[in-house]
Amino acid sequence: MAETSPPAASHKSSDKLIKDNLVPVITPKLPNGDVDLQGIANLVEFHHGLGTRALFSVGGLGRFHELNDAQRILAAEAFINSNKKLGSPLLIFTGATSESADSTLANIKQMTELGADVVFFAPLFFLRPDDIPDFVRKARDELGSEMPMLLYNNPDFSRQDGVQNIDPDILRGCSDYYSAIKDSSCDSDLYEKFSTIDCALYTGNEPTLVEAVKKRRSRGSVGGIGNVSGTAAKLARELAANVDEEEDELKVAELTAKFDQEVATLKKVLEAHPDIAAGDMMSAIYHYCLGEAGVVQHRADLIKYLTEKDKEFLKSSGFVPEPMKTEDERGG
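Conventions we followed
- In this numbering scheme, every chain counts its residues from 1 along its sequence in written order.
- Reporting in this predicted model follows two pLDDT cut-offs: at least 70 for local features of residues, and 80 or more for side-chain atom pairs to be given and counted; totals over whole chains, interfaces and linings ignore these cut-offs and use all residues.
- The basis for every side-chain value is the complete set of heavy atoms in the structure, and neither hydrogens nor water enter the calculation.
- Only runs of H or I of at least four residues qualify as helices and only runs of E of at least two qualify as strands under DSSP, and these elements are numbered from the N terminus.
- Here's how the labels work: a residue is buried when its accessible area is under 20% of the maximum for its type, exposed when over 50%, partly exposed in between, all with a 1.4 Å probe on protein chains only.
- Two N or O atoms form a polar contact when they lie within 3.5 Å of each other; inside protein one atom must be a possible hydrogen donor and the other a possible acceptor, and for residues adjacent in sequence the pair counts only when both atoms belong to side chains.
- Here a salt bridge means any side-chain nitrogen of Lys or Arg lying within 4 Å of a carboxyl oxygen belonging to Asp or Glu.
- Pairing between two strands requires that DSSP report at least two bridges joining them.
- Throughout, a contact is declared for two residues whenever any of their heavy atoms are within 4.5 Å.
- With axes taken as lines fitted to C-alpha atoms, and helix axes fitted only over the stretch in contact, angles between N-to-C directions fall between 0 and 180 degrees.
- With the strands aimed away from the viewer, a crossover counts as right-handed if its path from the first strand over the helix to the second runs clockwise.
- Only buried Ala, Val, Leu, Ile, Met, Phe, Trp, Tyr and Cys residues count toward a nonpolar core, and they belong to the same one when joined by side-chain atoms within 4.5 Å.
- To estimate the expected span of a helix, subtract one from its residue number and multiply by 1.5 Å.
- Note on convention: near helix rotated counterclockwise from far helix by under a right angle means a left-handed crossing. Clockwise means right-handed.
- Polarity classes work like this: nonpolar for Ala, Val, Leu, Ile, Met, Phe, Trp, Tyr, Cys and Pro, charged for Asp, Glu, Lys and Arg, and polar for all others, with Gly in that last group.

### Examining the side chain of Ser 103
Turning to step 1, where the next piece is worked out: The topology assignment puts Ser 103 in helix H3 (residues 101-114).
Turning to step 2, where the next piece is worked out: The buried category is assigned to Ser 103, whose relative accessible area is 18%.
Turning to step 3, where the next piece is worked out: Here Ser 100 takes part through its side chain, which lies 2.9 Å from a polar atom of the side chain of Ser 103.

Right, dumping it as structure tokens:
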């Protein structure tokens, strides 16, 4: 094992922690429940064409708990290898969260060996709060001093009784050992506390992207709308590039207006189904839209929450991407 990283190790300043929207990409599956390897290859190619710069894979959209570790490793390998076949135009963030500390650590090791650019995990899924610092140090020992590691705070991923979010003071005490935080708490006060920790910070609360970058030191977002549109990525880049300079106000205003329209579309569908978890609904929406575009296979069980009215609204709102060209149409 590598030695534990010293303070200010190179993982903190990694150029892989980009200022952008990291797309919490879906993990497509076949009707028999197996990981859809061709679907993953299609997704990587689709996102390359969309202008995406980073995929937040195998654990970003809320359904990773339906995968076993073998499937998580297989999916991670497929995302990484599909990207390599295209010349590695994307950064691949891979989720290593598992059922226990030992299995998560094993996933971290395997995903690093496979060539992940950044590894991430949701600590409260498998750790008690007081055990987080020790685990983070062990993970850093495994990764060495250069590999970036992101900690994912999401109340929906906590399995610790009475604890929904990671205490910022716990993370502050071990901040030398991880590189970034993604916060999906949608709690502005908590996000403000995370913003005072010495690490890269991404918001998982999509509608707050502009404020998070301009006022709260965020490098960008991990926003699901990026599954079907490149607007969030373009906006995040434009905001980050001009955060300390005079903005191209017209460009920012145009992108913000388009982004707000996309957020409103997503919100309208989510609000029509208050009894269904947001993660399940978003997964259904993106599986449906990408299925319509021919990027992944249609899965009736994954889009069962959507009504015909929802589907027509998504189409009429421009939420469904243009159909993906076949290999023959691309001249392959």
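### A closer look at the pattern of salt bridges
Turning to step 1, where the next piece is worked out: Inspection of the entire model under this criterion finds 16 salt bridges.
Turning to step 2, where the next piece is worked out: The partner of Arg 53 in a salt bridge is Asp 20, and the shortest N-O contact between them spans 3.1 Å. Taken together, the positions of Arg 53 in the loop between helix H1 (37-50) and strand S2 (54-57) and Asp 20 in strand S1 (residues 20-21) put the pair 33 residues apart, joining distant regions of the chain.
Turning to step 3, where the next piece is worked out: By relative accessible area, which is 0% here, Asp 20 ends up buried.
Turning to step 4, where the next piece is worked out: A cluster of three or more residues bridged by salt bridges with shared partners is formed by Asp 69, Arg 72, Glu 99 and Arg 159.

### Notes on the sheet that holds strand S8 (residues 220-221)
Turning to step 1, where the next piece is worked out: Spatially, the eight strands line up as an open sheet ordered S1-S8-S7-S6-S5-S4-S3-S2, and their pairing is parallel. The two strands at the open ends of the sheet, each matched to only one other strand, are S1 and S2.
Turning to step 2, where the next piece is worked out: Along the sheet face, helix H2 (residues 69-85) touches S2 and strand S3 (91-95) and points at about 175° away from the line of S3.

### Looking at the environment of Val 25
Turning to step 1, where the next piece is worked out: As for its position among the elements, Val 25 is in the loop between S1 and H1.
Turning to step 2, where the next piece is worked out: For Val 25, a relative accessible area of 2% gives the class buried.
Turning to step 3, where the next piece is worked out: Sequence separation between Val 25 and Asp 15 is 10 residues, and the spatial gap between their C-alpha atoms is 21 Å.
Turning to step 4, where the next piece is worked out: Ignoring anything within four residues of it in the chain, the contact list for Val 25 reads Leu 43, His 47, Leu 55, Phe 56, Ser 57, Phe 79 and Asn 227.

### Let's talk about the pairing of strand S7 (residues 200-203)
A regular strand places its side chains so that they alternate between the two faces of the sheet.
Turning to step 1, where the next piece is worked out: Going residue by residue along S7, you find Ala 200 and Tyr 202 tucked away on one face and Leu 201 and Thr 203 tucked away on the opposite face as well.
Turning to step 2, where the next piece is worked out: Pairing of strand S6 (residues 180-183) with S7 involves four bridges; the strand directions are parallel. Among the inter-strand pairings, Lys 182 is bridged to a residue of S7, identified as Tyr 202.
Turning to step 3, where the next piece is worked out: What joins S6 to S7 is helix H6 (residues 188-194), and the crossover it makes is right-handed.
Turning to step 4, where the next piece is worked out: Alignment of S7 against S8, held across two bridges, turns out to be parallel.

### Observations concerning the nonpolar core
Within soluble globular proteins, side chains that are nonpolar tend to cluster in buried spots.
Turning to step 1, where the next piece is worked out: In this structure, Tyr 178 and Tyr 286 are the most contacted members of the largest nonpolar core, which totals 102 residues.
Turning to step 2, where the next piece is worked out: Element by element, the count of residues in this core is highest for helix H10 (residues 278-292), at eight residues.
Turning to step 3, where the next piece is worked out: If sequence neighbours within four positions are ignored, Tyr 286 has contacts with Ile 26, Leu 61, Glu 206, Gly 224, Ile 225, Asn 227, Val 228, Leu 266 and Phe 319.

### Observations regarding unusual backbone geometry
Turning to step 1, where the next piece is worked out: Of note, Val 58 is a non-glycine position whose phi angle comes to about 55°, a positive value.
Turning to step 2, where the next piece is worked out: Inspection of the secondary structure assignment puts Val 58 in the loop between S2 and H2.
Turning to step 3, where the next piece is worked out: A positive phi angle, close to 60°, is found at Cys 186, a residue other than glycine.
Turning to step 4, where the next piece is worked out: Relative to the helices and strands, Cys 186 is located in the loop between S6 and H6.

### As for the side chain of Ser 185
Turning to step 1, where the next piece is worked out: Tracing the backbone shows Ser 185 in the loop between S6 and H6.
Turning to step 2, where the next piece is worked out: Classification of Ser 185 by relative accessible area gives buried; the value is 14%.
Turning to step 3, where the next piece is worked out: Within the structure, Ser 185 has its side chain in polar contact with the backbone nitrogen of Asp 187 (distance 3.2 Å).
Turning to step 4, where the next piece is worked out: In this view, Ser 185 contacts Asn 153, Pro 155, Asn 165 and Leu 190; residues no more than four positions away in its chain are not counted.

### Side note on H10
Turning to step 1, where the next piece is worked out: Counted at 1.5 Å a residue, the expected span for H10 with its 15 residues is 21 Å, and the 21 Å between its end C-alpha atoms agrees.
Turning to step 2, where the next piece is worked out: Where burial is concerned, most of H10 is hidden: 12 out of the 15 residues are buried.
Turning to step 3, where the next piece is worked out: Within the span of H10, buried status applies to Gly 279, Met 281, Met 282, Ser 283, Ala 284, Ile 285, Tyr 286, His 287, Tyr 288, Cys 289, Leu 290 and Gly 291.
Turning to step 4, where the next piece is worked out: Where H10 is buried, its residues touch H1, helix H9 (249-271) and helix H11 (308-316).
Turning to step 5, where the next piece is worked out: Positive backbone phi, at 80°, marks Gly 294, one or two positions downstream of H10.

### Describing H2
Turning to step 1, where the next piece is worked out: With 17 residues, H2 extends 24 Å between its outermost C-alpha atoms, agreeing within 8% with the 24 Å of an ideal straight helix rising 1.5 Å per residue.
Turning to step 2, where the next piece is worked out: The inward-facing, buried residues of H2 abut H1, S2, S3 and H3.
Turning to step 3, where the next piece is worked out: N-cap assignment for H2: the residue whose side-chain oxygen lies 3.1 Å from the backbone N of Ala 70 is Asn 68.
Turning to step 4, where the next piece is worked out: Just past H2, the residue Gly 87 takes up positive phi, approximately 90°.

### Comments concerning the packing of helix H8 (residues 231-241) against H9
Two quantities define a packed helix pair, namely the angle between the helix axes and the distance between the axes.
Turning to step 1, where the next piece is worked out: Close contact between H8 and H9 brings their axes to 9 Å; oriented N to C, the two are set at 145°. As for the relative orientation of H8 and H9, their crossing is left-handed in sense. For the pair formed by H8 and H9, the contact residues are Thr 231, Ala 232, Lys 234, Leu 235, Glu 238 and Leu 239 on the first element and Lys 251, Val 252, Leu 255, Thr 256, Lys 258, Phe 259 and Glu 262 on the second.
Turning to step 2, where the next piece is worked out: Each residue belonging to the contact of H8 with H9 can be placed in one class, and the counts come to six nonpolar, two polar and five charged.

The values are spatial; any link to function lies outside them.
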